[in-house]
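Residue-level listing of the chains:
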Amino acid sequence: MSEPLLVADHLTKDYGTFRALADLTLSVAAGEVVGLLGPNGSGKSTALRLMLGFLKPTSGRARIGGFDCWADSVETRKRVAYLPGELRLYDTMTGRRLVTFLGRLRGDAPGPEVDALAKKLDIDIDRPLTHMSSGMKRKVALLAVLVPKVPLIILDEPTNTLDPTMRDELLEQLKSARARGQAVLFSSHVLQEVETVCDRVAVLRRGELVHVQEMSELREGRSVSARLTGPPPAHGPGGAELAPNTVSADGRLQMTFRGPLPVLLDWLARQPLTDLVIEPQGLAPIYKRFHG
Ligand SMILES: Nc1ncnc2c1ncn2[C@@H]1O[C@H](COP(=O)(O)OP(=O)(O)OP(=O)(O)O)[C@@H](O)[C@H]1O
């Protein structure tokens, strides 16, 4: 069986005596969207820059399409479109010239999709970049990343400086990229955006991978919060055992339920409730476990 599109294999980076990334092993398959989640300084950008061949690993390696990201960086970069966390654009160009220039560097001639995408992102790409706000420049950079149909898109905190409408548009664009079979790896510290779009989420803490979450597992779960006015129930939904701290001393019920909704509703209907919230299970409790 061939290896996944992107493979990080015990990837480690020290800056002097400081270990910014420790032993990261992670893969991204074609057509998969993976989020790299962690607070400031947890090693997200370092991981992405190692995968792009901008940094030499202290030990371990990363491969894209079977090529080593450091030793064969020309080959690996042909397969990747990258949005850096901090932009350095050629300010004298218009947005259109920049996108065309970057396309030509990889041997593509961007077609009419540039204008369609510019319209969706609500940018005038014929304005010089010097006349654009930082959010507009970021949208031009996003356009340059979304136009080429490369196997892998890597984005470092792509929603930074985007307004909420544009953030949603970007997430839609990432879903479209997945539907075309492109893989996406992006860093973020915003739980809600990774929940919306990712197939898998990798949580970093101080340079270490502390958790990998398949989002499909969470989407099957529901988080239930309620207040009980009577004694705690003897059993959970469908007669299942209840975990010991499901109901606190002051009557607050907090649980996760996986199973058919009617079973949950039937059980809840028989409890002495004054308050009830049922939500899709999100990443928040998992993230809090590592970054509480
Ligand atoms: N060139 C460098 N020299 C020394 N230390 C560095 C260098 N670049 C990053 N670091 C340190 O490595 C750690 C990881 O940084 P990195 O930029 O990878 O984190 P991050 O998760 O992307 O953070 P943010 O969310 O703030 O962008 C931080 O402690 C940072 O200070």
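No experiment lies behind these values; they were computed from the predicted model shown.

The rules we used
- Residues numbered from 1 in each chain as written.
- Predicted model: local features only at pLDDT ≥ 70, side-chain atom pairs only at ≥ 80, totals over all residues.
- Helix = DSSP H or I, 4+ residues; strand = E, 2+ residues; numbered from the N terminus.
- Buried ≥ 20, exposed ≤ 12 C-beta atoms within 10 Å, placed from the backbone.
- Contact = placed C-beta atoms within 7 Å.
- Near = placed C-beta within 6 Å.
- Nonpolar A, V, L, I, M, F, W, Y, C, P; charged D, E, K, R; others polar.
- Core = buried A, V, L, I, M, F, W, Y, C linked by C-beta atoms within 7 Å.
- Pairing = 2+ DSSP bridges.
- Axes fitted to C-alpha atoms, helices over the stretch in contact; angles between N-to-C directions.

1. What about the overall build of the protein chain?
Now for step 1: When its secondary structure is counted, the protein chain shows 10 helices and 13 strands.
Now for step 2: Viewed in the frame of its principal axes, the protein chain has a C-alpha envelope of about 70 × 45 × 40 Å.
Now for step 3: Here the protein chain holds 292 residues, and the buried ones make up 35% of them.
Now for step 4: Pairs at least 24 residues apart make up 71% of the contacts formed inside the protein chain by residues separated by at least 6 positions.

2. Brief notes about the environment of Leu-48
Now for step 1: Structurally, Leu-48 can be placed in helix α1 (residues 44-51).
Now for step 2: C-beta crowding within 10 Å serves as the criterion here: with 24 such atoms nearby, Leu-48 is assigned to the buried category.
Now for step 3: A sequence separation of 36 residues divides Leu-48 from Pro-84, and the C-alpha atoms of the two residues are 9.1 Å apart.
Now for step 4: Discounting residues that sit within four places of it in the chain, Leu-48 has contacts with Ile-154, Asp-156 and Ser-187.

3. So, the site of the ligand
Now for step 1: Lining the immediate environment of the ligand, one finds 13 residues, of which Tyr-15, Ala-20, Asn-40, Ser-45 and Thr-46 sit closest.
Now for step 2: Counting residues per element, the shell around the ligand draws most heavily on α1, at three residues.
Now for step 3: By residue class, the composition of the shell around the ligand is three nonpolar, nine polar and one charged.

4. Description of the nonpolar core
Now for step 1: Core analysis: the biggest nonpolar cluster contains 68 residues, and Met-51, Leu-143, Val-145, Ile-154 and Leu-185 have the highest contact counts within it.
Now for step 2: With eight residues, helix α5 (residues 134-146) is the largest single contributor of residues to this core.
Now for step 3: Setting aside chain neighbours within four positions, we find Ile-154 in contact with Leu-48, Met-51, Leu-52, Val-80, Tyr-82 and Leu-185.

5. Considering unusual backbone geometry
Glycine aside, a negative phi is what most residues show, and trans is what most peptide bonds show.
Now for step 1: The phi dihedral of Asp-122 falls on the positive side, at around 60 degrees, and the residue is not glycine.
Now for step 2: For Asp-122, the location among the structural elements is in the loop between α4 (113-120) and α5.
Now for step 3: Classification of Asp-122 by C-beta neighbours within 10 Å gives exposed; the count is 12.
Now for step 4: Although it is not a glycine, Glu-157 adopts a positive phi angle of roughly 45 degrees.

6. Some words on the pairing of strand β11 (residues 221-228)
Now for step 1: Pairing of β11 with strand β12 (residues 252-258), which is carried by seven bridges, proceeds in the antiparallel orientation. From the neighbouring strand, Gly-221 faces β12, where its bridge partner is Arg-258.
Now for step 2: With seven bridges connecting them, β11 and strand β13 (residues 273-280) associate as antiparallel partners. Bridge pairing in β13 links Ala-226 to Leu-276.

7. Side note on the sheet that holds β13
Now for step 1: Taking strand neighbours across the sheet as the criterion, the three strands line up as β12-β11-β13 in an open arrangement whose pairing is antiparallel. With one partner strand each, in any of the chains shown, β12 and β13 form the two edges of the open sheet. When strand polarity is set aside, the average angle formed by the axes of neighbouring strands in this sheet is 20 degrees.

On their own, these measurements won't tell you what the molecule is for.
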